[in-house]
Each structure stands twice: as structure tokens, then as C-alpha cells.
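# Chain and residue survey
Listed here are the chains, written in short residue letters.
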Amino acid sequence: MLDGKTIVLGVTGGIAAYKAAEVVRSFVKAGANVQVVMTANARQFVSPLTLQTLSGQPVCTDLFDLGLESQIGHIQVARAAHLIMVIPATANIIAKMAAGIADDYLTTVLLAATAPIVVCPAMNVKMYENPVVQRNLETLRQRGCIIVEPEAGELACKEEGTGRLAELTTILETAHRALTPGSLAGRRVLVSAGPTWEAFDPVRYISNPSTGKMGYALATVAARRSAEVHLVSGPTYLHPPLGVHLHRIVTALQMEECITGLARDMDVIIMAAAVGDYRPAEASPHKVKKAEGDLWVQLLRNPDILAGLGQRRRDGQVLVGFAAETENLVENAMQKLTQKRLDFIVANNLVNPGSGFGCDTNEVKIIRKDGSMDELPRMPKERVAGEILNRIESLLAST
Ligand code: CTP
């Protein structure tokens, strides 16, 4: 979403101004065109040269700079922006924005802007909690600005409390959201992700190498498109995407119970989880000690969650599955598509390089009920997620 977009980054005079450098780098890396605008106070904390070097563009600081103003006028900066972000936002800029003051480059651009505005406050906890600041933030919210709440922790002034600039990942994700059309607004989407762990004692379990990346990418992109997202996740080290409802489970039986409880209210269900098909018949409450000879573990079949959803699906509900295969990809996937009564299935060959478990990319075939198929090239999992959700949106539109 950031590729080719123009983001105006307003930097104001707080200690967190140095973090703006990392934000600029990340936006540029994602393909955005970044125009930095600094207040006079911001220049006390971070050098314009740093942000100019990172953004590859002259930094706008002075409304009355004859040279720069004739090249990139402040109204032109406001007009060109797809998104404006104020990072960090001091109590002072928040007050000026709320009052509509336009006495320097940044405030003038903000007042002339029609693009979405994201404000990332960072300040001392007492300043942040001050009712005047809270009232000004509320004014901005009511005017449609997106406020990225500061986080709690130790502040630069050594006090503890809320006031630290939000994490970089939160800021970046907020930019994605602000730039993504809400094409799934009002829709409820359930995504399952990750492996399940089937324990046979407290320290050992049967599982698979799934990391959850594909399911988390689907949840991230669906949330960016403004869906209400429920992510039912097996054990993984991944951070939950911003704003999704996370339901953590460990076993296949727990996943089934959780999904069954949510399924009826969902418009879309995507089963991206690598659900364990078997569980040990008995889970010992204590560590099983080794003894002479081999150990035999009896395994019981787990329910097929997706097949159950296929039987119970209500009219208009879209149901999508994955097929993880190592041979006969299309035949096996077609069989699952029919047996589980899906709208389409996303098939991937686990032995292809850059595809399947743990990779950041995936190479998939999307196979529909009528046998038609889209073969997608290898691409990042977030883009695969976008392709899957585009097809889901078409199905939703046709019902
Ligand atoms: N699935 C499920 N419950 C299971 C097993 C799988 O809901 N107990 C779902 C997966 O989330 C996936 C689809 O069914 O969307 C296909 O999973 P896959 O592991 O490829 O196939 P299986 O149906 O388990 O069949 P097999 O292991 O024989 O290939």
C-alpha cells in the first residue's frame, strides 16, 4: 500500500523526534515518497540533514525560504500528500491543530491538507493526562484525525507512565490502514493460523513446522480493509496484528471449540492453520521416563474442523481452505475442495523453495468449485493474502 504513495512526515520538537529517522527509513524502504516537514523546535532535537539524507528530499522547515518555497510551495506539499503523519506530536502541535493555528510550515500544511492525518503523540505523562491535551486530542479525533495512542513505560524524563511514542510497527501499520480502502467494512472474517500442539506429556508434543505467517498475513490485510477480524491462533512467536481479536489455542480440539463458537456470526472463514490430524490417546500428567525398549504411542483422529464448517455453513458465508501437499497438488486439493464444501482452496506445494511453512513468500494455486484455477507466481505472503481477499470480496459481492 505504501509503494508510490507520498507521505508527508511532520516532525515536532520532542525528545522522540530522533525516532522519526527510523520511520522515514521504513517508509522509504516500503517504496513511499517521503516529504519531511520540521518545526523550528524539532531542529533542536534532530538535524534536518539526517532526515533529508534518509528521505532523499529537501526538508521543509521555513515558510519564508525563498528558494524552497518557489520549488515546493507549502500548498503544493499539502496537495501532493496521500497521507500526513505527525511524529512525534507534542502537546503544542496538538493544541495548534485543534485551534486551527497556522503560523509555520507544518501547521500551514496541516490546515491546507485534505489527505488523512495521523497524529502520534509523545510527551511527559502529566502533560499527556492534562485535560487540555485530552480535550484537544478529542477535538482532532472528532475531525477525523487518527490518533496513535502513546505507550506506557519509562519516559525520557525518568517518570513512568503513558507518553512514549508508539512502537514503529504500530506506526507503520497505522499508515497502511489509513491508505487502504475499507472494502471489507462491516464484514466479520475469521482466520485460523499456525500449528496445533498435541501433547503426550507435559514436556513433549506432536506438531508441524507451521509458523502462522500465512494466517497472520491474511488477518493483517483483512483488518487493513476494515473487516472485524477474529484470529484463532495456535502457538507462534508472531505478534498479533493491530486491532484483531486474537483467540489463542493450543490443541486441535481447542481450535475446534473456539471456531465452532464463532463461526455462525462470520461472513468469511479462512482455515490457514496446519491442524494436527491426530492426538495421543493419553496425555500423561507427568513426564514419561525413558525405559528399555521402544515406546508406542497410540494416536486418535482429531475432528476435521473445516469439513464440519462446510456441513454447517449458512447461506452467503464464504469458506476457504488451504491444501498443503508434497505430491499430486491439484488432484489432492480438488478432492479437499469438494469434500469440505469450500468456495475455493489455496493449494501450495510444501517442497517448492520459497513456498509453505515458515517462508515469507508463497507460491499458490487458487482452485475454484468449477475447476477453474489461478496460478500465482511466488510473492510475499501479504500479497498472497491480498489476492485471496480480492477473490473473497468478489464472492461476497455476488451473493
Ligand atoms: N483442516 C482442518 N482440520 C483438520 C485438518 C485440516 O480444518 N483436522 C483444514 C486445514 O486448515 C486446511 C484444510 O483443512 O484448510 C486442508 O488441510 P491439509 O492439512 O492440507 O489436509 P487434510 O485435510 O488434513 O488431509 P491430509 O492430511 O490427508 O492431506
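Everything discussed here concerns the structure shown above.
This is a predicted model, so every value here is computed, not measured.

### Description of the overall build of the chain
Helix and strand counts for the chain stand at 15 helices and 21 strands. Its C-alpha atoms give the chain principal-axis dimensions of about 80 × 50 × 40 Å. Of all 399 residues assigned to the chain, the portion counted as buried reaches 49%. Split by element, the accessible area of the chain, about 19300 Å² in all, is 51% carbon and sulfur. Considering the chain, the positive charge centre built from 40 side chains and the negative charge centre built from 41 side chains are found 1 Å apart.

### Points about the packing of helix α12 (residues 252–263) against helix α13 (residues 305–312)
Each pair of packed helices gets described by two things: the angle between the helix axes and the distance between those axes. At a minimum axis separation of 10 Å, α12 and α13 run at an interaxial angle of 20°. Between α12 and α13, the angle is such that the two are roughly parallel. The interaxial crossing formed by α12 with α13 has right-handed handedness. Note on element contacts: α13 touches α12 through Ile 305, Leu 309 and Arg 312, opposite Ala 252, Met 255, Glu 256, Ile 259, Thr 260 and Ala 263. When grouped by side-chain class, the residues that make up the contact of α12 with α13 number 6 nonpolar, 1 polar and 2 charged.

### Points about the sheet that holds strand β12 (residues 245–248)
Spatial strand order, β12-β11-β8-β13-β16-β17-β19-β20: 8 strands in an open sheet with mixed pairing. The open sheet has two edge strands, β12 and β20 (373–375), and neither has a second partner. Here the strands of the sheet are splayed against their neighbours by 15° on average, with no regard to which way each runs. Here 4 bridges tie strand β13 (residues 268–271) to strand β16 (residues 318–325), and the two strands are oriented parallel to one another. Residue Ile 269 lies in a different strand from β16, and its bridge partner there is Leu 319. Where α13 meets the sheet, its contacts fall on β13 and β16, and the angle it forms with β16 comes to roughly 155°.

### Concerning the site of the ligand
In the region of the ligand, 14 residues are neighbours, and Met 271, Ala 273, Leu 306, Lys 336 and Lys 340 sit closest. Here Ala 273 contributes a backbone N or O atom positioned 2.8 Å from an oxygen atom of the ligand. The separation between an oxygen atom of the ligand and a polar side-chain atom of Asp 277 is 3.0 Å. For the ligand, whose free accessible area comes to 570 Å², the fraction covered by protein is 77%. Of all the elements in the fold, those that place two or more residues in the shell around the ligand are α13 and β16. With 4 residues, β16 is the largest single contributor of residues to the shell around the ligand. When grouped by side-chain class, the residues that make up the shell around the ligand number 9 nonpolar, 1 polar and 4 charged.

### Observations regarding the sheet that holds strand β5 (residues 146–147)
The sheet built from 5 strands is open, its strands ordered β2-β1-β3-β4-β5 with parallel pairing. Pairing within the sheet leaves two strands with one partner each, and these edge strands are β2 (33–38) and β5. Note: strand β1 (residues 6–11) against β2, 6 bridges, orientation parallel. Pairing of Leu 9 across the sheet is with Val 36, part of β2. Strand contacts of helix α3 (residues 48–55): β1 and β2, with the helix running at about 170° to β2, the strand carrying the most contacts. Of the strands in this sheet, β1, β2, β3 (83–89) and β4 (117–121) touch helix α7 (residues 105–112), which is tilted by about 140° from β3.

### Some remarks on the pattern of salt bridges
Applying the stated criterion across every chain, the model contains 22 salt bridges. Salt-bridge contacts for Arg 25 lead to Glu 22; the nearest nitrogen and oxygen are separated by 3.6 Å. Here Arg 25 pairs with Glu 22, and both are found in helix α1 (residues 20–29), just 3 residues apart, close to one helical turn. Using a relative accessible area of 46% as the deciding quantity, one classes Arg 25 as partly exposed. For the salt bridge of Arg 313 with Asp 343, the shortest nitrogen-to-oxygen distance reads 2.6 Å. Taken together, the residues span a long stretch of sequence, with Arg 313 in the loop between α13 and β16 and Asp 343 in the loop between α14 (329–339) and β17 (344–349) at a distance of 30 residues.

### Quick notes on a nonpolar patch on the surface
Taken together, the side chains of Ile 206, Tyr 278, Leu 295, Val 297 and Leu 299 present a nonpolar region at the surface, about 430 Å² in accessible area. Locating Leu 299 in the fold gives a position in strand β15 (residues 299–301). In this structure Leu 299 comes out as partly exposed when scored by relative accessible area, which is 39%.

### As for the packing of helix α6 (residues 91–99) against α7
Running from amino to carboxyl end, α6 crosses α7 at an angle of 40°, the nearest separation of the two axes being 10 Å. Taken together, α6 and α7 sit at an angle that is classed as oblique. Crossing geometry of α6 relative to α7 is assigned as right-handed. Residues Ile 93, Lys 96 and Met 97 of α6 touch α7, and the partners they reach there are Leu 106, Thr 107 and Leu 110. When the residues that make up the contact of α6 with α7 are grouped by side-chain class, the tally is 4 nonpolar, 1 polar and 1 charged.

### A few points about α1
In an α-helix, one turn spans 3.6 residues, which is why side chains three or four residues apart end up on the same side. Along α1, the positions that sit buried rather than exposed are Ala 20, Ala 21, Val 23, Val 24, Ser 26 and Phe 27. In this structure, the buried side of α1 is in contact with β1, β2, α3, β3 and α10 (168–179). Following α1 by one or two positions, Gly 31 has its phi on the positive side, about 95°.

Calculation criteria
Per-chain numbering applies: the sequence of each chain, read as written, is numbered from 1 onward. In keeping with the model being predicted, local features are shown solely for residues with a pLDDT of at least 70 and side-chain atom pairs are shown and tallied solely at 80 or more, while totals for entire chains, interfaces and linings include all residues. Side-chain figures throughout are based on the complete set of non-hydrogen atoms in the structure, without hydrogens or water. Helical segments are the DSSP runs of H or I of at least four residues, strand segments are the runs of E of at least two, and each set is numbered from the N terminus. Exposed residues in this analysis have more than 50% of their type's maximum accessible area, buried residues have under 20%, and partly exposed residues fall in between, with area computed by a 1.4 Å probe over protein chains only. To be clear on the numbers: accessible area is Shrake-Rupley with a 1.4 Å probe, and residue cover counts the displayed protein chains and nothing else. Counted charges follow a simple rule, with Lys and Arg positive, Asp and Glu negative, and His plus the chain ends left uncounted. Charge coordinates come from a single atom per side chain, which is NZ of Lys, CZ of Arg, CG of Asp or CD of Glu. Structural elements are reduced to axes, namely lines fitted to C-alpha atoms, with helices fitted over the stretch in contact, and the angle between N-to-C directions of any two is expressed from 0 to 180 degrees. Just so you know how the angles are binned, under 35 degrees is roughly parallel, over 145 roughly antiparallel, 65 to 115 roughly perpendicular, and the rest oblique. Put simply, a crossing is left-handed when the front helix is turned counterclockwise from the back one by less than a right angle, and right-handed when it is turned clockwise. Any two residues whose heavy atoms approach within 4.5 Å at even a single point are treated as in contact. Throughout this entry, Asp, Glu, Lys and Arg are counted as charged residues, while Ala, Val, Leu, Ile, Met, Phe, Trp, Tyr, Cys and Pro are counted as nonpolar. The remaining residues, Gly among them, count as polar. At least two bridges found by DSSP between two strands is the condition for calling them paired. Note on terminology: near, applied to a residue and a molecule or strand, indicates that one of the residue's heavy atoms is within 4 Å of it. Distance and chemistry together define a polar contact, namely a pair of N or O atoms within 3.5 Å, with one atom able to donate a hydrogen and the other to accept it when in protein, and with adjacent residues in sequence counting only for side-chain atoms on both sides. A side-chain nitrogen of Lys or Arg and a carboxyl oxygen of Asp or Glu constitute a salt bridge if their distance falls within 4 Å. Patch construction takes residues with relative accessible area above 30% that form no salt bridge. Like charges are linked within 9 Å, and nonpolar side chains (Val, Leu, Ile, Met, Phe, Trp, Tyr) are linked within 5 Å.

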